[in-house]
2 protein chains.
Amino acid sequence: MTIVGVGLIGGSLGLAAKQAGLVARVAGVSRSAANRAVALRRGLVDEACEDLAGPLGASDLVVLATPVAAITRLMPEVARGIPAGALVTDVGSVKGPIAAAGDTALPDGRFVPGHPIAGKERSGPEAAAADLFAGAPCILTPTAHSRPDAVERIAALWRGVGGAVLQLEPAWHDDLFASVSHLPHLVAFALMDAVLALERDGRRVRYSGGGLRDFTRVAGSDPVMWRDIFLMNRDMVLKSLAEYRGALDRFETAIRTGDGDALAALMARARAAREEIAHRP
Amino acid sequence: MTIVGVGLIGGSLGLAAKQAGLVARVAGVSRSAANRAVALRRGLVDEACEDLAGPLGASDLVVLATPVAAITRLMPEVARGIPAGALVTDVGSVKGPIAAAGDTALPDGRFVPGHPIAGKERSGPEAAAADLFAGAPCILTPTAHSRPDAVERIAALWRGVGGAVLQLEPAWHDDLFASVSHLPHLVAFALMDAVLALERDGRRVRYSGGGLRDFTRVAGSDPVMWRDIFLMNRDMVLKSLAEYRGALDRFETAIRTGDGDALAALMARARAAREEIAHRP
C-alpha cells in the first residue's frame with residue numbers, strides 16, 4: 001500500500017492497517033522531510049519517499065491522502081504509474097470532482113472515492129493514532145465506473161481498521177458535507193475573524209470562556225486543507241452559506257424588533273436539532 | 001443569603017458557599033416546584049421558597065440568578081424587602097441595564113453587579129456543582145454608586161468559592177461579551193437553524209462528526225436565558241453581528257472569486273487567534 005500524504009488521516013491509516021495485518025508493507029509519500037521523518041520514527045509507514053514515482057510501480061493499492069486539490073492533480077500520474085489490477089482510493093472531504101478525475105484517469109473502474117469521518121484538534125503525523133477510525137463512519141462514494149470488487153476491497157480496508165462503511169452518491173455527499181462540515185468550519189473561521197476585527201487592546205480573546213472557546217477546535221483546522229475544500233466544493237458551500245445568511249436574518253429581525261417569542265422559538269428549534277445530534281450513537 | 005433562581009449558577013453558588021462556610025443559611029427562591037425539590041434534595045439551599053417576600057426580610061445578601069429580564073424586573077421588590085445594610089448582587093450575562101436598574105432601586109450603593117464566567121453543557125439545579133467556580137473569572141462591574149465596602153464583600157464571596165475576581169465597566173463588559181459570548185451563541189443557533197432548513201429526509205444531522213457537533217454544546221443552551229440576553233444587549237449584539245457579516249462577506253468573496261491566497265490568509269489569521277485562546281491559562 002502506498003499512502004500519498006502522511007498527515008493525520010494518511011498516517012493513522014498506515015499505522016492501523018499495519019497493526020491489523022491488512023497490508024504487507026506501507027510506503028508513505030510526502031514532500032515534507034519533517035513529516036517523512038515523523039512517519040518513519042512513529043512506524044506509520046515502512047518506507048518514506050519524497051517522490052511518488054518510486055513506490056507506485058510496486059503498489060497493489062494507492063491511497064491519496066493529501067489536500068483535495070492535490071488529489072485531482074496527482075490522479076493522472078498515479079494512474080500511469082500503478083501496475084495493472086492495482087486499486088486507487090482517496091480520503092478527501094469533497095467527492096464529486098475527485099470522482100470525475102478518477103473516472104477520467106482510470107476508466108476501467110479501479111478508482112473508489114472515499115471519505116473517512118475522523119478528525120482531531122491537531123493534524124499531522126504526530127497526531128496520527130491507530131484507533132482513529134474505530135467506530136468512525138467511513139464513506140465510499142463509488143462512481144458509475146467503480147468496479148464492485150474494487151468497492152468491496154476498499155470497504156474491507158476501512159472495516160479492517162474499525163470503520164463503519166457506508167455508501168453515498170458523490171454529489172449528495174458534497175451537498176451534505178457542505179452543510180454539516182464545510183459551513184460550520186466557514187462559520188467558525190469567520191467568527192474568529194470578526195472577533196479579531198472587533199479586538200481592542202488584545203483584551204477580547206481573554207474572556208472567551210463564555211462561548212467562543214467552543215469554536216476554537218474548528219477554527220484551528222489547517223488553512224491549506226480548508227482552502228482546497230471551500231474552492232473545490234464552491235457551489236454547495238455557497239448554497240449552504242446562503243441558507244445560513246437566511247437564518248442569521250431570522251435571528252437579527254427578531255432581535256431588532258424585540259420579538260422575544262420568535263427568538264425563543266428559533267432557539268428551541270435549534271436546540272431540538274442539537275439534542276438529536278448529541279444523543280446520536 | 002437568599003438566591004433567587006436555583007439553576008446551574010444559583011444552585012452551585014449556594015452549595016459552594018455553604019461548603020466553604022461563607023454563609024450561615026441559604027434560602028433559594030424559585031417558581032418551579034421541581035427545581036425547589038431538586039435544590040433541597042441536593043442540599044444546594046437550606047430552605048426553598050416559591051415567593052421572594054418570605055426570605056428577603058431576613059437576608060444579609062441577595063443574589064439574583066434568574067434570566068436577565070427577571071433580574072431588572074425583580075429589583076424594586078428586592079430593594080423594598082431587604083433590611084437596611086443588606087447587599088444585593090446578580091450573576092446576569094448583561095450588565096449595563098441591570099446596573100442602571102440597581103442604581104435606581106438602591107441609590108445608596110448596596111447593589112454590585114456581577115457575572116461569573118462558568119457554564120456547562122447542562123443547565124438547572126441537577127447540574128449544579130460546588131466546584132463550578134473554581135478558577136473561573138468572576139467579573140464585577142461596580143457602578144458609580146456601588147459602595148467600595150459592598151464591592152469588597154461581594155468580591156470576597158466569589159473568591160471564597162474559588163473564583164478569580166476582576167472588575168470591568170458595565171458598558172465595556174456588554175460590548176466585550178457581545179463579541180466573545182453572545183455572538184458565538186447566535187452563530188451556533190443560526191447554524192443549527194440553517195442545517196434544519198437544508199434538511200432532507202432527516203439525513204444531515206447523522207453526519208455531524210465533521211464539524212457541526214462542536215457547535216452543539218452552545219446551541220443546546222437555554223432559549224429563555226438567551227432570548228433575554230439578546231434582547232437586553234441588543235445594540236452591542238447587533239454591532240457584533242454586523243462585524244460578523246463583514247467577515248462572512250470576506251470569506252464568501254474569496255470563495256466566489258476562487259482567490260485561494262486570500263482565503264488561506266483569512267484562515268491563517270483566524271487560526272492564530274485561536275492559538276492564543278487555546279493556550280491561554
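The structure displayed is predicted, hence computed values, not measured ones.

Engineer: Looking at this structure, how should I read the relation of the copies chain B and chain A?
Structural biologist: A rotation about an axis combined with a shift along that same axis relates the two copies of the chain. Expressed as a screw operation, the relation of chain B to chain A combines 0.0 Å of axial shift with a rotation of 180°, fitting to an RMSD of 0.0 Å. Within this description, the copies of the chain are treated as partners about a two-fold rotation axis. The share of interface residues of chain B whose copies in chain A are also at the interface is 100%, consistent with both copies meeting through the same surface.

Engineer: Help me understand the sheet that holds strand β8 (residues 137-140) of chain B, please; the structure alone is not making it clear to me.
Structural biologist: The strands making up a sheet are joined through hydrogen bonds of the backbone, oriented either antiparallel or parallel. Residues and elements named next belong to chain B. As summarised here, the arrangement of the three strands in space is β7-β8-β9, forming an open sheet in which the pairing is mixed. Single-partner strands in this sheet number two, and they are β7 (114-116) and β9 (164-167). Between one strand and the next, the sheet's axes are offset by a mean angle of 20°, whatever the strand orientation.

Engineer: What exactly am I supposed to notice about the interface of chain B and chain A here?
Structural biologist: Many analyses report the size of an interface as the accessible area lost when the parts associate. Taken together, the contact between chain B and chain A spans 77 residues of the former and 77 residues of the latter. Those elements giving two or more residues to the side of chain B that touches chain A turn out to be α7 (170-198), α8 (216-219), α9 (223-232), α10 (234-256) and α11 (260-278) of chain B.

Engineer: Whenever I open this one, the pairing of β9 of chain B confuses me. Can you help?
Structural biologist: Both faces of the sheet carry side chains from a regular strand, because those side chains alternate between them. All names here are of chain B. In this structure, β8 lies alongside β9, joined through four bridges in parallel fashion. Paired with Leu-140 across the two strands is Gln-167, which belongs to β9. In this region the chain leaves β8, passes through helix α6 (residues 148-160) and returns to the parallel neighbour β9; the handedness of that crossover is right-handed.

Engineer: Explain the confidence of the model for chain A to me, please; I cannot follow it from the model alone.
Structural biologist: Reading predicted coordinates in detail is not appropriate for stretches of low pLDDT. Chain-level statistics for chain A give a pLDDT mean of 92 and a share of 95% at 70 or above. For this predicted complex, the interface score ipTM comes out at 0.90, alongside a pTM of 0.90.

Engineer: What am I meant to see in the packing of helix α7 (residues 170-198) of chain A against helix α10 (residues 234-256) of chain A here?
Structural biologist: A packed helix pair is summarised by two numbers, namely the angle formed by the two axes and the spacing between the axes. Residues and elements named next belong to chain A. For the pair α7 and α10, interaxial distance at closest approach is 8 Å and the crossing angle is 65°. Where α7 crosses over α10, the two elements pack in a sense that is right-handed. Between α7, through Asp-174, Asp-175, Ala-178, Ser-179, His-182, Leu-183, Leu-186 and Val-187, and α10, the contact on the second element is made entirely by Met-236, Val-237, Lys-239, Ser-240, Leu-241 and Tyr-244. In terms of residue class, the contact of α7 with α10 is built from eight nonpolar, three polar and three charged.

Engineer: So what exactly am I meant to see when it comes to the packing of α7 of chain A against α7 of chain B here?
Structural biologist: As a packed pair, α7 of chain A and α7 of chain B sit with axes 11 Å apart at the nearest point and diverge in direction by 155°. In this view, α7 of chain A runs roughly antiparallel relative to α7 of chain B, as classed from their interaxial angle. Of the two possible hands of crossing, α7 of chain A and α7 of chain B adopt the one that is right-handed. Contacts from Ser-179, Val-180, Leu-183, Pro-184, Val-187, Leu-191, Val-195 and Leu-198 of chain A in α7 of chain A reach Ser-179, Val-180, Leu-183, Pro-184, Val-187, Leu-191, Val-195 and Leu-198 of chain B in α7 of chain B. Of the residues belonging to the contact of α7 of chain A with α7 of chain B, the class tally is 14 nonpolar, two polar and no charged.

Engineer: Hey, could you run me through the domain arrangement of chain A in this one?
Structural biologist: Residue and element names in this part refer to chain A. One can read the domain layout of chain A as domain 1 (2-168) and domain 2 (172-278). Centre-to-centre, using C-alpha coordinates, domain 1 lies 30 Å away from domain 2. Contact with domain 1, which involves 14 residues of that partner, is made by 14 residues of domain 2. Residue assignment for the side of domain 1 that touches domain 2 shows that the elements contributing at least two residues are α4 (68-81) and α5 (96-105). Among the residues making up the side of domain 1 that touches domain 2, the classes are represented as seven nonpolar, five polar and two charged.

Basis of the calculations
- Positions within a chain are numbered from 1, following the residues in the order the chain's sequence is written.
- Chain letters and ligand numbers both follow the written order, the letters beginning at A and the numbers at 1.
- Only residues with pLDDT of at least 70 are given local features in this predicted model, and only at 80 or more are side-chain atom pairs given and counted; all residues enter the totals for whole chains, interfaces and linings.
- Overlaid copies result from least-squares superposition on C-alpha atoms, with residues included only where pLDDT is at least 70 in both.
- By the convention adopted here, residues are in contact when the distance between their C-beta atoms, placed from the backbone, does not exceed 7 Å.
- One bridge is not enough; two strands pair if DSSP finds at least two bridges between them.
- Helix and strand definitions follow DSSP, with helices as H or I runs of at least four residues and strands as E runs of at least two, each counted in order from the N terminus.
- Lines fitted to C-alpha atoms define the axes here, with helix axes fitted over just the stretch in contact, and angles between the N-to-C directions of these axes take values from 0 to 180 degrees.
- A right-handed crossover is one whose linking path, passing over the helix from the first strand to the second, runs clockwise when the strands point away from the viewer.
- The quantity called pLDDT is the predictor's confidence in a given residue, expressed from 0 to 100.
- Here a crossing is called left-handed whenever its near helix is offset anticlockwise from the far helix by less than a right angle, and right-handed whenever the offset is clockwise.
- When residues are sorted by character, Ala, Val, Leu, Ile, Met, Phe, Trp, Tyr, Cys and Pro go into the nonpolar class, Asp, Glu, Lys and Arg into the charged class, and all the rest, Gly among them, into the polar class.
- Comment on the angle field: the value is read as roughly parallel under 35 degrees, roughly antiparallel over 145, roughly perpendicular from 65 to 115, and oblique elsewhere.
- Source of the domain bounds: an automatic or database domain assignment.

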